[in-house]
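Next come the chains, spelled out residue by residue.
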Amino acid sequence: MSHLSERPEKPVVGVSMPHESAVLHVTGTALYTDDLVYRTKDTLHAYPVQVMKTRGRITALRTEPALAVPGVVRVLTVADVPGVNDAGMKHDEPLFPDEVMFHGHAVAWVLGETLEAARLGAAAVEVELDELPSVITLKEAIAAESFHGARPVMVTGDIDAGFADSAHVFTGEFQFSDQEHFYLETHAALAYIDEAEQVFIQSSTQHPSETQEIVAHVLGLHSHEVTVQCLRMGGGFGGKEMQPHGFAAIAALGAKLTGRPVRVRLNRTQDLTMSGKRHGFHADWKIGFDADGRIQALDATLTADGGWSLDLSEPVCARALCHIDNTYWIPNARVAGRIAKTNKVSNTAFRGFGGPQGMLVIEDILGRVAPLLGLDPMELRKRNFYQPGLGQSTPYGQPVPQAERIAGVWQQVEDNGGVADRKREIAAFNAAHPHTKRALAITGIKFGISFNLTAFNQAGALVLIYKDGSVLINHGGTEMGQGLHTKMLQVAATTLGIPLHKVRLAPTRTDKVPNTSATAASSGADLNGGAVKNACEQLRARLLQVAASQLGSNASDVRIVDGVARTLGSDKELAWDDLVHTAYFQRVQLSAAGYYRTEGLHWDAKAFRGSPFKYFSYGAAAAEVEVDGFTGAYRIRRVDIVHDVGDSLSPMIDIGQVEGGFVQGAGWLTLEDMRWDASDGPNRGRLLTQAASTYKLPSFSEMPAEFNVTLMENATEEGAVYGSKAVGEPPLMLAFCVREALRQAAAAFGPAGVSVELAAPATPEAVYWAIESAREKNDDVRGGNGHALGGSEIRSDTSALSNA
């Protein structure tokens, strides 16, 4: 076993324990960025001047009326920017634009003594536009060839030969929706300037180092003049990886110009209309199968809706291409990616980061063609799994290790869930109930862990031991409720060999750990855990020398367990506090900077080849649904999940992440229907679902009546911290099984072998229309048109349902 994955005697990792801030969360005493305003004197409030037109060149911006509003202190415009007027890393996101690019684009910010004064001041600002044509939908962008950024192409094998060898060839298209993050805490920042002109920012950000970098270049400063702290976030899900930087820059600019603290906190409607979403996608595809239903070739084009600027759209698109294979070996493939430029908010990272979009395409294809191949969808999926020992690689050239786990977790789900018996029960139920149908579907996942950009796969930590034996950890990861801090406390306690109560964790700050990567790509525990472990190992090595001198032995024979140093084969021992005290008086350094970099990664973005991922996370899920034939309404009766997290660092945290990720994925696939005004009317480009009243989120009523989650056992991951695997993003994709079960339930209203198209999200309305489509096939059969079920072509357009 590797040094990184090996666990010592009596480890604290692997023990189930609650989130380190759980009590603070449930008692309402946990502080978030905006709570700090009430502890800060003389704070000014910033409010955006949003233009409610979709696109236009600004011809006049009159701020004088705002300054006449009582309580308004200043209006921030482009003339106030001392550095670079840009809030992004691609230099295509002006902080103060001269052209409105989406409905609700902020063109100026008003600072007021109160939030109400700032709001009234923003309403008083006069903006004149020379309106310009806009592109709203993906279909419009494709027709207009409105694209930006890289256009990668992934090629493997020979697709012409693959299609020539195919007994069945299908073609089709598929468009599916974007998704709102809807974190509990909206975007927030609080900035002030100290007596040394140091800029200090409290920000709800997943990437403090990049927030620091953006603020510095907007203010014309160096990074060492800006400090960013993230206390905690009330959710992030990727929406706070890139998007917080501009809001922090506004707060910092206001503080620099006024000398007073400045607060930016978006209300829910502002957050919905100004911040990016998960990328909606359009897919055009052609797929070939041999006579046994094994994939021979895939030719596809994936178009991501990037919105008005690039943000993270290029790596999102790349990850979608890297995950279109999911758990299936595709020997011959050509998959192209492109990013549509539309006049909507700039879409950004969202849990899964393109992986869900790529995987949804292949799962949708298999769900649609299985009946046409005369195969049960479960059987079709199993026939195409990656197989161990055959040297199979992904379409981008990375070997698939642990391929046996794909079938392993699937089989465990079948066994745990009694799937064979339940399928027979469902068939009997459906035969007896003409107006209500049930279905059970299983889907699996293979999700790559690491940042596609190799340089991001590094992390730092600073661990301090005080004279009284207490320990303080600083690391570069941020806490957004996912339990990263809890795991880091467990890693530190395990490595040092001390009880958990001895260790405390400090808020994430750029002046403690520099140049950190975003807490994203499910890599937070891998990267920061490696860095914390490295720092603690340095300290432990020094302390073992001290202990050896006190115990009269060699350092290699000393073990520190449960806060006591002992020599092997001896009764002599030294308590941790005494050991630390002795080390101090021996002038032994009691602080260490740790570092970790993920080894074994290689990626050529131009050739779209390499091994970008350290490992793959595997999982499988079964969902049973019941659908009402009159309304399309449905409920999830039962879900069974088996998920691979290696040797869990914190099982209770990991099970919570699996459950939460699954529910969020089910929301994206079944409920969360984002609507934009695509008409030619005065509100063209406006987001129509601007609140929880119109944007449906999963709640208790959507939870499965029975929800079983099992973590795969004996699953040590060599080369990862204490044998664990990432857990944040992969479980979201387990929810594919819910949509596939809904497809099969809708098909049950029609004749055997009917192929059903289903929109994404599969809202009750969409399910109803799928049921009606299946019923029409019944009529075709009764009318002697049974041949309508045959053929090898699917051409469909579900966009009318998902983006109407």
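All values derive from a computational prediction rather than experimental measurement.

Q: Hey, could you run me through the sheet that holds strand 29 (residues 706–711) in this one?
A: Sheet strands line up and pair through hydrogen bonds in the backbone, either parallel or antiparallel. Pairing is mixed across the open sheet formed by four strands, whose spatial order is 16-27-28-29. In the strand order of this sheet, the two ends are held by strand 16 (436–449) and strand 29, each with one partner. Here the average twist between neighbouring strands, direction ignored, is 15°. Its contacts with the sheet place helix 17 (residues 651–670) against strand 27 (615–628), strand 28 (634–643) and strand 29, and it is angled at close to 130° to strand 29.

Q: How do you make sense of the environment of Thr-77 when you look at a structure like this?
A: Among the secondary structure elements, Thr-77 is positioned in the loop between strand 3 (72–76) and strand 4 (99–100). The class of Thr-77 is buried, set by a relative accessible area of 16%. Spatially, the C-alpha atoms of Thr-77 and Ile-362 are 47 Å apart, while their sequence positions differ by 285 residues. If near-sequence neighbours (up to four positions away) are discounted, Thr-77 is found in contact with Leu-61, Thr-63, Phe-96 and Ala-108.

Q: What is the right way to look at the side chain of Asp-640 in this model?
A: Structurally, Asp-640 can be placed in strand 28. Side chain to side chain, Asp-640 and Asn-708 meet in a polar contact 2.9 Å long.

Q: Help me out: how do you make sense of helix 14 (residues 484–496) in this one?
A: Working note: α-helix, 3.6 residues per turn, so residues spaced by three or four point in the same direction. Taking 1.5 Å of rise per residue, 13 residues should cover 18 Å, and helix 14 covers 18 Å from first to last C-alpha, within 8% of that figure. Burial analysis of helix 14 places 13 of its 13 residues in the buried class, which makes it a mostly covered element.

Q: Looking at this model, I keep getting lost on the sheet that holds strand 21 (residues 558–561). Mind explaining?
A: Spatially, 21-22-23 is the arrangement adopted by the three strands of the open sheet, whose pairing is antiparallel. Each end of this open sheet is capped by a strand with a single partner; those strands are strand 21 and strand 23 (573–575). Strand-to-strand, the axes of this sheet are offset by a mean angle of 20°, without reference to chain direction. Pairing of strand 22 (residues 564–567) with strand 23, which is carried by three bridges, proceeds in the antiparallel orientation. Considered in strand 23, the bridge of Ala-565 is made with Leu-574. On the sheet, helix 15 (residues 524–551) packs against strand 21, strand 22 and strand 23 and is oriented at approximately 115° with respect to strand 21.

Q: Help me understand the pairing of strand 13 (residues 281–289), please; the structure alone is not making it clear to me.
A: Across a regular strand the side chains alternate sides, sitting on one face of the sheet and then on the other. Buried residues dominate strand 13, accounting for seven of its nine residues. Pairing between strand 8 (residues 168–176) and strand 13: nine bridges, direction antiparallel. Note that in strand 13 the partner of Val-169 across the bridge is Gly-288. Summarising the sheet, strand 13 and strand 14 (residues 295–307) pair through nine bridges and their orientation is antiparallel. Bridge pairing in strand 14 links Phe-281 to Ala-304. Between strand 13 and strand 14, which pair antiparallel one after the other, the connecting turn spans five residues, and Gly-293 there sits at a positive phi close to 85°.

Q: Whenever I open this one, the environment of Ala-161 confuses me. Can you help?
A: In this fold, Ala-161 is placed in helix 5 (residues 159–164). Note: C-alpha distance between Ala-161 and Ala-297 (136 residues apart in sequence) is 8.4 Å.

Q: Would you explain the side chain of Thr-227 in this entry?
A: Relative to the helices and strands, Thr-227 resides in strand 11 (residues 226–230). Exposure remark for Thr-227: the relative accessible area of 6% places this residue in the buried category. For Thr-227, the side chain forms a polar contact with the side chain of Gln-198, separated by 2.9 Å. If sequence neighbours within four positions are ignored, Thr-227 has contacts with Gln-198, Val-199, Phe-200, Ile-201, Arg-509, Thr-510 and Asp-511.

Q: Can you walk me through the environment of Gly-656 in this structure?
A: Note that Gly-656 resides in helix 17. Note on Gly-656: relative accessible area 32%, which makes it partly exposed. Separated by 174 residues in the primary sequence, Gly-656 and Gln-482 have C-alpha atoms spaced 8.6 Å apart.

Q: Looking at this structure, how should I read the packing of helix 10 (residues 355–369) against helix 18 (residues 736–747)?
A: Helix packing geometry: the angle between the two helix axes and the distance between the axes. Here helix 10 crosses helix 18 at 25°, and the two axes come no closer than 11 Å. On the basis of the axis angle, helix 10 is roughly parallel to helix 18. Our pair here, helix 10 against helix 18, has a crossing hand that is right-handed. Contacts between helix 10 and helix 18 involve Pro-356, Met-359, Leu-360, Glu-363, Asp-364, Gly-367 and Arg-368 on the former and, on the latter, Phe-736, Arg-739, Glu-740 and Arg-743. A per-class count over the contact of helix 10 with helix 18 returns four nonpolar, one polar and six charged.

Q: Would you take a moment to explain the nonpolar core for this structure?
A: Counting 109 residues, the largest nonpolar core has Ile-287, Phe-289, Leu-302, Ile-641 and Phe-662 as the members making the most contacts within it. Discounting chain neighbours no more than four positions away, the residues touching Ile-641 are Val-413, Ala-620, Ala-621, Val-658, Phe-662, Phe-707, Asn-708, Val-709, Thr-710 and Leu-734. Listed in part, the 53 residues of the second largest apolar core include Ile-465, Leu-505, Ala-521 and Ala-531.

Q: Can you help me understand the pattern of salt bridges in this one?
A: It is possible for side chains of opposite charge to pair when their charged atoms get near one another. Across all of its chains, the model carries 53 salt bridges by this definition. Where Glu-314 meets Lys-90, a salt bridge forms, and the shortest distance between an N and an O atom there is 2.6 Å. Of this pair, Glu-314 sits in helix 9 (residues 313–322) while Lys-90 sits in the loop between strand 3 and strand 4; the two residues are 224 residues apart in sequence, bridging distant segments of the chain. Since its relative accessible area comes to 43%, Lys-90 is described here as partly exposed. We note a salt bridge from Arg-597 to Glu-599, for which the minimum N-O separation is 3.4 Å. The class for Arg-597 is partly exposed, based on a relative accessible area of 48%. A single salt-bridge network, built from bridges that share partners, covers Arg-422, Arg-438, Glu-624, Glu-626, Arg-635, Arg-637, Arg-638, Asp-640 and Glu-706.

Q: Would you mind showing me how to read the confidence of the model for the protein chain here?
A: Residues shown with low pLDDT carry predicted positions that ought not to be read at fine detail. Scored by pLDDT, the protein chain comes out at a mean of 96, with 97% of its residues at no less than 70. Every residue in residues 784–792 is under pLDDT 50, and counting partners more than four places away or in other chains gives 15 contacts. Confidence over residues 795–804 falls short of pLDDT 50; this stretch has 32 contacts with residues more than four positions distant or in other chains.

Q: Is there a simple way to explain the state of the cysteines in this structure?
A: Think of a disulfide as a covalent bridge from one cysteine sulfur atom to another cysteine sulfur atom. Enumeration according to the criterion identifies zero disulfides in this entry. Left unpaired, Cys-317 is separated from the closest cysteine sulfur, that of Cys-322, by 9.9 Å.

Q: When you look at the packing of aromatic side chains in this model, what are you seeing that I'm missing?
A: Evaluated as defined, the whole model comprises 18 aromatic pairs. Taking 6.0 Å as the distance between ring centres and 70° as the angle between the ring planes, the aromatic pair formed by Phe-170 and Phe-289 counts as edge-to-face. Within this pair, whereas Phe-170 is found in strand 8, its partner Phe-289 is found in strand 13, the two being separated by 119 residues in sequence. A single burial state applies to Phe-170 and to Phe-289, both of which are buried. Relative to Phe-385, the ring of Tyr-328 lies with its centre 6.2 Å away and its plane at 15°, an arrangement referred to as stacked. Here the residue Tyr-328 occupies a position in the loop between helix 9 and strand 15 (333–341), and Phe-385 occupies one in the loop between helix 11 (377–383) and helix 12 (404–416), the gap between them amounting to 57 residues. Taking relative accessible area as the criterion, Tyr-328 reaches 0% and is therefore assigned buried. On the accessibility criterion, Phe-385 (5% relative accessible area) is buried. Members of the aromatic cluster, joined through ring pairs, are Tyr-396, Trp-603, Phe-608, Phe-613 and Phe-616.

Analysis parameters
- Residues numbered from 1 in each chain as written.
- Predicted model: local features only at pLDDT ≥ 70, side-chain atom pairs only at ≥ 80, totals over all residues.
- Heavy atoms only, no water.
- Pairing = 2+ DSSP bridges.
- Helix = DSSP H or I, 4+ residues; strand = E, 2+ residues; numbered from the N terminus.
- Axes fitted to C-alpha atoms, helices over the stretch in contact; angles between N-to-C directions.
- Contact = heavy atoms within 4.5 Å.
- Buried < 20%, exposed > 50% of the residue type's maximum accessible area, 1.4 Å probe, protein only.
- Polar contact = N/O pair within 3.5 Å; in protein donor to acceptor, adjacent residues only side chain to side chain.
- Expected span 1.5 Å × (residues − 1).
- Parallel < 35°, antiparallel > 145°, perpendicular 65-115°, else oblique.
- Left-handed = near helix turned anticlockwise from the far one by under 90°.
- Nonpolar A, V, L, I, M, F, W, Y, C, P; charged D, E, K, R; others polar.
- Core = buried A, V, L, I, M, F, W, Y, C linked by side-chain atoms within 4.5 Å.
- Salt bridge = Lys/Arg side-chain N within 4 Å of Asp/Glu carboxyl O.
- pLDDT = per-residue confidence, 0-100.
- Disulfide = S-S within 2.5 Å.
- Phe/Tyr/Trp six-rings, centres within 6.5 Å; stacked < 30°, edge-to-face > 60°.

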